[in-house]
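Spelled out, the chains give:
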Amino acid sequence: MNDPIGDMLTRIRNGQMRGKSTVETPASKLRGWVLDVLSDEGYIRGYEKKDGKDGHPAFEISLKYYEGTPVIREVKRVSKPGRRVYMGANDLPSVRQGLGVSIVSTPKGVMSDAAARSANVGGEVLCTVF
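Given the structure is predicted, the values throughout are model-derived calculations rather than measurements. (Residues numbered from 1 in each chain as written. Predicted model: local features only at pLDDT ≥ 70, side-chain atom pairs only at ≥ 80, totals over all residues. Heavy atoms only, no water.)

Take the environment of Gly 123 next. With respect to the secondary-structure elements, Gly 123 resides in strand 10 (residues 123-129). Here Gly 123 falls in the buried class, since its relative accessible area comes to 13%. Excluding residues within four positions of it along the chain, Gly 123 makes contact with Val 85, Tyr 86, Met 87, Val 104 and Ser 105. (Helix = DSSP H or I, 4+ residues; strand = E, 2+ residues; numbered from the N terminus. Buried < 20%, exposed > 50% of the residue type's maximum accessible area, 1.4 Å probe, protein only. Contact = heavy atoms within 4.5 Å.)

Okay, structure coming up:
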């Protein structure tokens, strides 16, 4: 697998389109940090680490719905393996005029765009969620 973050975001997108309550994705530190941001921002109910079907560690992500519609309307991968996207603290994009969130990997850890601006750090823009 070339893009583990893209794979996880696609699993979340597909699970919500099918109306699933949970989806499973292989576990890694970076995926866990991205899920922490999604959970803190209120886009997922939460996640827990468990053993997957093949015996490898996996995350079971609890998806969130509001009146039957998914909370995540759109999720896009910005920085891809073929084209990395880095931005400074002042250049971080505002998603849907502040209604969405960008997830940024900074030297101080993975955080939302608002947290990165307040900490005055830039980094790699992993994805945008609305």
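Burial analysis of strand 10 places seven of its seven residues in the buried class, which makes it a mostly covered element. With three bridges connecting them, strand 6 (residues 75-77) and strand 10 associate as antiparallel partners. Looking across to strand 10, one finds that Val 75 is bridged to Val 129. Sheet analysis places strand 7 (residues 86-87) next to strand 10, joined by two bridges and oriented antiparallel. What sits directly across from Tyr 86, in strand 10, is Glu 124. Examined bridge by bridge, strand 8 (residues 101-106) and strand 10 share five bridges and lie antiparallel to one another. The partner of Ile 103 across the bridge, within strand 10, is Cys 127. (Pairing = 2+ DSSP bridges.)

On to the nonpolar core, then. Ranked by size, the top nonpolar core spans 22 residues in total, and within it Ile 12, Val 34, Leu 35, Leu 38, Ile 61, Ile 103 and Val 129 carry the most contacts. Viewed by domain, this core spans two of them, domain 1 (4-70) and domain 2 (75-129), each represented by three or more residues. The residues touching Ile 12, leaving out its near neighbours within four places in the chain, are Val 23, Leu 35, Leu 38, Ile 61, Leu 63 and Ile 72. The next biggest cluster of nonpolar side chains, apart from the first, holds six residues, and it includes Leu 92, Val 104, Ala 116 and Val 121. (Core = buried A, V, L, I, M, F, W, Y, C linked by side-chain atoms within 4.5 Å. Domains from an automatic or database assignment.)

Mapped onto the fold, Thr 128 is located in strand 10. Note on Thr 128: relative accessible area 14%, which makes it buried. Setting aside anything within four residues of it in sequence, one finds Thr 128 in contact with Glu 74, Val 75, Lys 76, Val 78, Val 95, Val 101 and Ser 102.

Domains assigned within the protein are domain 1 (4-70) and domain 2 (75-129). Once you take the C-alpha centre of each, domain 1 and domain 2 turn out to be 19 Å apart. In this complex, domain 1 contributes 11 residues to the contact, which on the side of domain 2 involves 12 residues. Each partner contributes to the roughly 980 Å² buried at the junction of domain 1 and domain 2, and carbon and sulfur atoms together form 78% of this total. Counting the surface domain 1 buries against domain 2, the share from its top three residues, Leu 9, Val 37 and Tyr 43, is 44%. On inspection of domain 1 and its partner domain 2, the count reaches three residue pairs in polar contact (both at pLDDT 80 or more). Within the residue set of the side of domain 1 that touches domain 2, elements represented by two or more residues are helix 1 (4-17) and helix 2 (29-40). In the side of domain 1 that touches domain 2, the residues fall into eight nonpolar, one polar and two charged. (Buried area = accessible area lost by both parts, 1.4 Å probe. Polar contact = N/O pair within 3.5 Å; in protein donor to acceptor, adjacent residues only side chain to side chain. Nonpolar A, V, L, I, M, F, W, Y, C, P; charged D, E, K, R; others polar.)

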